[in-house]
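What follows is each chain in one-letter form.
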Amino acid sequence: MTLAHRIIPCLDTDGTRVVKGVNFVGLRDAGDPVRLAARYNAEGADELVVLDIAASRDRRPTFLETIRRVAAELAIPLTAGGGIRTLNDARAVVRAGADKVTVNTAAVERPALISELSNQFGAQAVVLAVDAKRNGERWEVMVRGGRDSTDLDAIAWAEQGVSLGAGEILLTSVDRDGTQQGFDLPLTSAISHAVTVPVIASGGAKLPEHFAQIFTEGAADAALAASIFHDSVQPIRELKEFLAARSIEVRLPC
Amino acid sequence: MKVALIDYGAGNVASVERALQRLGVESVSASTPKRMAEASALILPGVGHFAALIRALDERNLRAPLLDALHRDVPFLGICLGLQALYDSSEEAPELCGLQLFAGKIQALPTRVKLPHMGWNQLRLKNTSRLLEGVAPEAHFYFAHSYAAMAGDGNAAAVATCTHGSEFTAVLESRNINAVQFHPEKSGPPGARLLQNFLRLAA
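What this report covers is the structure whose coordinates are included nearby. (Residues numbered from 1 in each chain as written. Chains lettered and ligands numbered in written order. Predicted model: local features only at pLDDT ≥ 70, side-chain atom pairs only at ≥ 80, totals over all residues.)

**Thoughts on the overall build of chain B**
Under the convention used in this document: Here a helix means four or more residues in a row that DSSP labels H or I, a strand means two or more in a row labelled E, and each is numbered from the N terminus. Working definition of burial: number of other C-beta atoms within 10 Å of the residue's own, with buried at 20 or more, exposed at 12 or fewer, and partly exposed in between, all C-beta atoms being placed from the backbone. Contact between residues is assigned whenever the C-beta positions, reconstructed from backbone atoms, fall within 7 Å.
Of regular secondary structure, chain B possesses six helices and 13 strands. Evaluated residue by residue, chain B yields a buried proportion of 55% over its 203 residues. Long-range pairs, those at least 24 residues apart, make up 69% of the contacts in chain B between residues at least 6 apart in sequence.

Printed below as a string of structure tokens:
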């Protein structure tokens, strides 16, 4: 009886449609976040993340409507983010039905945002997204969708984020993202051992072995992926059965 | 049946409302003493900080009508903070008084494990449970909290526990009062079954 490792599909949207990691190979629901959400809810996903990767101000109401429609399909927790810069932005996302909010660039620019959110919603509702890229002997924090580098050390930033009130770290390896070569084990293990909160690993997943490795060697509490789930390359149920057979604690829905 | 969700301005009221809708039950929001007095079943959803819930109950003058309803045997379900609020007090906000229906102080989970206790965990059944009727013993429920009612206080109302760092009360049942530390509204089919069991008690 221990806490199960979580499998989390991520929907990268332009506010309305899933725009990244979807190969439209004859799937009726590819691209529609609401249909994908319903599918993942039924297939045994442990949570769902919905991101507005465009995060443009004028499309904000459309994204909130997407969150509302996605939340209506779910009997599992929903995390939403992309473009959250203020407490009011976060409030709108929570009101639309998100259980947690995730912040990234805006928190780097103004770390106090993390505390404001944590005081308002509780640490369990604040997910600090950290995009990290190897630079020599350390990992550097990247912002604006992994495009711009900062001077921040990823481990130090994750620790600071937790001390400011983040209840979870969503850690993306910029080096591995999109490569399908497996999660970044040294990065994830380093962050997971440095912080006291759960860590969600992201970037590079393809094979069931990748998930087994990130939960054992990488010490991740949860693992996130997009395209391999959207395209049904990796059915969630089969993935969980693979992990359970290797004595990795997962939730197998009845 | 008039199921009222106690809306104290924060928390997961909308999620619980949607979960009830999926079971075909329309709920009303109870944010005034009058609404609370009219309810035939009460649900107190909660998430976040102990102080936010207790202060909001007091600011909205909901403490007395809530206790009154509980003493009138109105079926009640507390969720997450809604369980913690039933105790004397909490380490999270030691200056505030809980509803004092159960003896003891809500405590922080030990720091040797990752906190918050976030995700899906299983229960250990201590006694026959009406809320868990028809739920598989190995079912997982979704937790998101850092404080808990520690098990072993000799509390006979604790019918199921969970362990994360230490063993804590996961399900409470005593007369008309029911409470769970996890989020049934976020716990898939087992969570829906639990809510249905509560609605049946309240019918």
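Here the narrative resumes.
**With respect to the overall build of chain A**
We apply this condition: Throughout, radius of gyration means the C-alpha value; the globule benchmark is 2.2 Å times the number of residues raised to the power 0.38.
Secondary structure assignment for chain A yields 10 helices and 10 strands. For chain A, whose C-alpha radius of gyration is 17 Å, the value lies close to the compact-globule estimate of 18 Å for 254 residues. Buried positions account for 55% of the 254 residues belonging to chain A. In chain A, the share of contacts with a sequence separation of at least 24, taken over all contacts with a separation of at least 6, comes to 65%.

**Details of the nonpolar core**
Residues and elements named next belong to chain A. Defined as follows: In this description, a nonpolar core means buried residues of the types Ala, Val, Leu, Ile, Met, Phe, Trp, Tyr and Cys, linked to one another by C-beta atoms lying within 7 Å.
Val101, Ile169, Ile200 and Ala223 are the most contacted members of the largest nonpolar core, which totals 155 residues. Here this core takes six residues from strand 5 (residues 126-135), the largest share from any one element. Look past the residues within four positions of isoleucine 169 in its chain and what remains in contact with it is Leu128, Val130, Ala158, Gly161, Ile191, Val195, Val197, Val199 and Ile200.

**Regarding the packing of helix 3 (residues 87-95) of chain A against helix 5 (residues 112-121) of chain A**
All names here are of chain A. Heads up, the rule is: Axes here mean lines fitted to C-alpha atoms, for a helix over just the part in contact, with angles spanning 0 to 180 degrees between N-to-C directions. Angles are sorted into four bins: roughly parallel if under 35 degrees, roughly antiparallel if over 145, roughly perpendicular if 65 to 115, and oblique for all others. Handedness of a crossing follows from how the near helix is turned relative to the far one, being left-handed for an anticlockwise turn of less than a right angle and right-handed for a clockwise one. In the scheme used here, Gly and all other residues not listed as nonpolar or charged are polar, with Ala, Val, Leu, Ile, Met, Phe, Trp, Tyr, Cys and Pro taken as nonpolar and Asp, Glu, Lys and Arg as charged.
At their nearest, the axes of helix 3 and helix 5 sit 10 Å apart, and the two run at 40 degrees to each other. Comparing the axis directions of helix 3 and helix 5 gives the class oblique. Between helix 3 and helix 5 lies a crossing whose hand is right-handed. Between helix 3 and helix 5, the contacting residues are Leu87, Ala90 and Val94 on the first element and Glu116, Leu117, Gln120 and Phe121 on the second. For the contact of helix 3 with helix 5, the class distribution of residues is five nonpolar, one polar and one charged.

**Looking at the sheet that holds strand 12 (residues 166-174) of chain B**
All names here are of chain B. Heads up, the condition is: A pair of strands is considered paired only if DSSP assigns at least 2 bridges between the two.
Strand order in the open sheet formed by eight strands is 2-1-3-4-13-12-11-8, with mixed pairing between adjacent strands. Edge positions in the open sheet fall to strand 2 (27-30) and strand 8 (124-125), since each of these has one partner strand only. Bridge analysis of strand 8 against strand 11 (residues 158-164) gives two bridges, and the strand direction is antiparallel. Opposite leucine 125, over in strand 11, you have alanine 160 as the bridge partner.

**Focus on the packing of helix 1 (residues 33-43) of chain A against helix 2 (residues 60-73) of chain A**
Residues and elements named next belong to chain A. Interaxial distance between helix 1 and helix 2 falls to 8 Å at its minimum, and their mutual angle equals 25 degrees. Classified by the angle their axes make, helix 1 and helix 2 are roughly parallel. The interaxial crossing formed by helix 1 with helix 2 has right-handed handedness. Two secondary-structure elements touch here, helix 1 through Pro33, Val34, Ala37, Ala38 and Asn41 and helix 2 through Thr66, Arg69, Val70 and Glu73. The residue inventory of the contact of helix 1 with helix 2, partitioned by class, reads five nonpolar, two polar and two charged.

**Here we look at the interface of chain B and chain A**
Many descriptions give the size of an interface as the accessible area lost when the pieces come together. Residue-level contacts link 31 residues of chain B with 24 residues of chain A. Of all elements in the fold, only helix 1 (13-22), strand 7 (117-122), strand 9 (140-145), strand 11 and helix 6 (188-202) of chain B reach the threshold of two or more residues within the side of chain B that touches chain A. Broken down by element, the residue count for the side of chain B that touches chain A peaks at five residues, all from strand 7 of chain B. Class assignment of the residues belonging to the side of chain B that touches chain A gives a composition of 12 nonpolar, 15 polar and four charged.

**Some words on the pairing of strand 9 of chain B**
Walk down a regular strand and you will see the side chains alternate between the two sheet faces. All names here are of chain B. Taken across its six residues, strand 9 has six buried, putting it largely inside the fold. Both faces of strand 9 are covered, namely the face carrying His140, Tyr142 and Ala144 and the face carrying Phe141, Phe143 and His145. Where strand 7 and strand 9 come together, six bridges link them in antiparallel fashion. Residue pairing in the sheet places histidine 117 in a bridge with histidine 145 of strand 9.

**Brief notes about the sheet that holds strand 6 (residues 102-108) of chain B**
All names here are of chain B. Spatially, the three strands line up as an open sheet ordered 5-6-10, and their pairing is mixed. Two strands in the sheet have a free side with no partner beyond their single neighbour: strand 5 (87-90) and strand 10 (147-148). Sheet topology note: the strand 5/strand 6 ladder contains three bridges and is parallel. Directly across from tyrosine 87, in strand 6, lies its bridge partner phenylalanine 102.

**Let's talk about the pairing of strand 8 (residues 168-173) of chain A**
All names here are of chain A. Worth spelling out the cut-off: A clockwise course of the path from the first strand over the helix to the second, judged with the strands pointing away from the viewer, identifies a crossover as right-handed.
Across the six residues of strand 8, six count as buried, placing the element largely inside the fold. Burial of the side chains of strand 8 extends over both faces: Glu168, Leu170 and Thr172 are buried on one face and Ile169, Leu171 and Ser173 on the other. Sheet analysis places strand 5 next to strand 8, joined by six bridges and oriented parallel. Bridging across to strand 8, valine 130 finds its partner in leucine 171. One ladder, built from four bridges, connects strand 8 with strand 9 (residues 199-202); its direction is parallel. Across the sheet, residue isoleucine 169 finds its bridge partner in strand 9, namely valine 199. Once you follow strand 8 into helix 7 (residues 185-194) and on to strand 9, the crossover reads as right-handed.

**What about the environment of B:His145?**
As for its position among the elements, B:His145 is in strand 9. Linking B:His145 and B:His164, residues 19 residues apart in sequence, is a C-alpha distance of 11 Å. Look past the residues within four positions of B:His145 in its chain and what remains in contact with it is A:Gln124, B:Cys80, B:Pro116, B:His117 and B:Gln181.

**A few points about helix 1 of chain B**
Since the α-helix packs 3.6 residues into each turn, any two residues three or four apart lie on the same face. Residues and elements named next belong to chain B. Residues of helix 1 that are buried include every one of Val13, Ser15, Val16, Glu17, Ala19 and Leu20, and no others. Along its buried surface, helix 1 packs onto strand 1 (3-6), strand 2, strand 3 (41-44), strand 4 (76-79) and helix 6. Two residues or fewer past helix 1, glycine 24 is found with a positive phi of approximately 80 degrees.

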